[in-house]
Structures are given as structure tokens and as C-alpha cells.
Amino acid sequence: MTKFSVPTRGDVSENNQSIFDNLKNALGFVPNLYAYYAKNETALGDYLTFQNRKSTLKAKEREVINLITSQINGCLYCQSAHTLIGKMNGFTDEQVIELRKGSASFDSKLDALVKFVKAVVENKAKVNQEVKDNFFAAGYSEANLIDVVIVIGDKVISNYIHNLAGFEIDFPLAPELS
């Protein structure tokens, strides 16, 4: 059986060591997911550039996408990380759970977003017209649609990496949904 391990700073290239130092300064630690990317010479820098690109979406909207995508893809690492980040962005524990379950009764615009993202991820973007119409009626644009798909793509990458490698989760575990 293949055992996947997370590299330490001393195990990675000089370029990735520099990125580790920047992450440690910014976050206080290097999350295992990011450290794992450093097993590849360019993946960590490429991923962080992709993840930190400018977007038409607000931070809360990106967290909605991260939470529902990670839930559908069954990635406990990302569910856990984004439960914490979601709360840092102003969501309550109850709202995070509701988002992960696929709705946002507390905000009609976010509800349209979460239902759109859920449909996109579950149906490989073959979304029925009503869901698309509700997304646009809530005030989202085609530019937003493009950013939604980019954030989904970003999260799918992380979900798949953790689901394949299964390394230790270094965030408080997200609660299981009932």
C-alpha cells in the first residue's frame, strides 16, 4: 500500500522553501495541503497564483463555493479548512452547515449561488435552465459565472489531491452532516 507523506521544509526545493517561509509568515504554519503540493517543483507556486487571482466574487461567495464543492467531493480536509475560513468570513456554525447541505435560507443571493454551484458540480456543469435563471436573477453576471467555475476548478484540484493522498488534516475537523 502506498503511504503518502507531507514534506517538511528541508525536504523541498529552495524555491518551495521560500514559499513555505512566506506561508508560515502569513498563516503561522504551512498547511499540509500546501506542503504536499511542494513535492512537485512548480505546483505549489502555480496553485497559489491560481488561488489568489483577482475575482469578481466576494470572499464570502468564494467560501460558499469552496464549502459546497468540498462537501460534494467528500473532501474532509477542505471541508475542515473552509469551515474555519467560512467562520473567519462571518458565517456562523449553523450557516456553514446549511451551506454544506446545499442551501442558504439566511441570504437569498447566496442561496441562488449555492444551488447553482451544487448543480454545476453534481452535473458536470450540465445545469438546467431554471437554476441558471435563478443565478442570474439573484444579481450574478456572466463574469461571475466564469469566476464561479474557476473557483470550483481550484477547489476540485485540492479535493482530488487530498482524496488521493489522504494526509493528515491540520485544521479542526468539520462536523459530520446529519
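Cut-offs applied
- Residues numbered from 1 in each chain as written.
- Predicted model: local features only at pLDDT ≥ 70, side-chain atom pairs only at ≥ 80, totals over all residues.
- Heavy atoms only, no water.
- UniProt positions renumbered as here; feature names shortened; annotations may be inferred.
- Helix = DSSP H or I, 4+ residues; strand = E, 2+ residues; numbered from the N terminus.
- 1 Å grid on protein atoms, 1.4 Å probe; cavity = no way out; pocket = protein on both sides within 12 Å on 5 of 7 lines; lining within 4 Å.
- Points joined across faces, edges and corners; volume = space filled by probe spheres on them.
- Nonpolar A, V, L, I, M, F, W, Y, C, P; charged D, E, K, R; others polar.
- Domains from an automatic or database assignment.

Q: I'm lost on the UniProt feature "domain: Carboxymuconolactone decarboxylase-like" (unreviewed entry) in the chain in this one. Help?
A: Those residues carrying the UniProt feature "domain: Carboxymuconolactone decarboxylase-like" (unreviewed entry) are residues 50-106 in this numbering. Measuring from the first to the last C-alpha atom of residues 50-106 gives 30 Å, for a span that is 67% helix and 0% strand.

Q: Would you explain the layout of surface pockets in this entry?
A: Left-over empty space is what a probe sized like a water molecule reveals as it rolls over the atoms. Taken as a whole, the largest pocket holds about 770 Å³ of empty space. Around the largest pocket, the lining comprises 31 residues; the ones closest to its centre are Tyr-34, Gln-51, Glu-63, His-82 and Ile-85. The greatest single-element share of the lining of the largest pocket, amounting to seven residues, is contributed by helix H5 (residues 76-88). Its residues assigned to classes, the lining of the largest pocket comprises 19 nonpolar, seven polar and five charged. Mapping the lining of the largest pocket onto the domain boundaries places at least three of its residues in each of domain 1 (14-52) and domain 2 (59-165).

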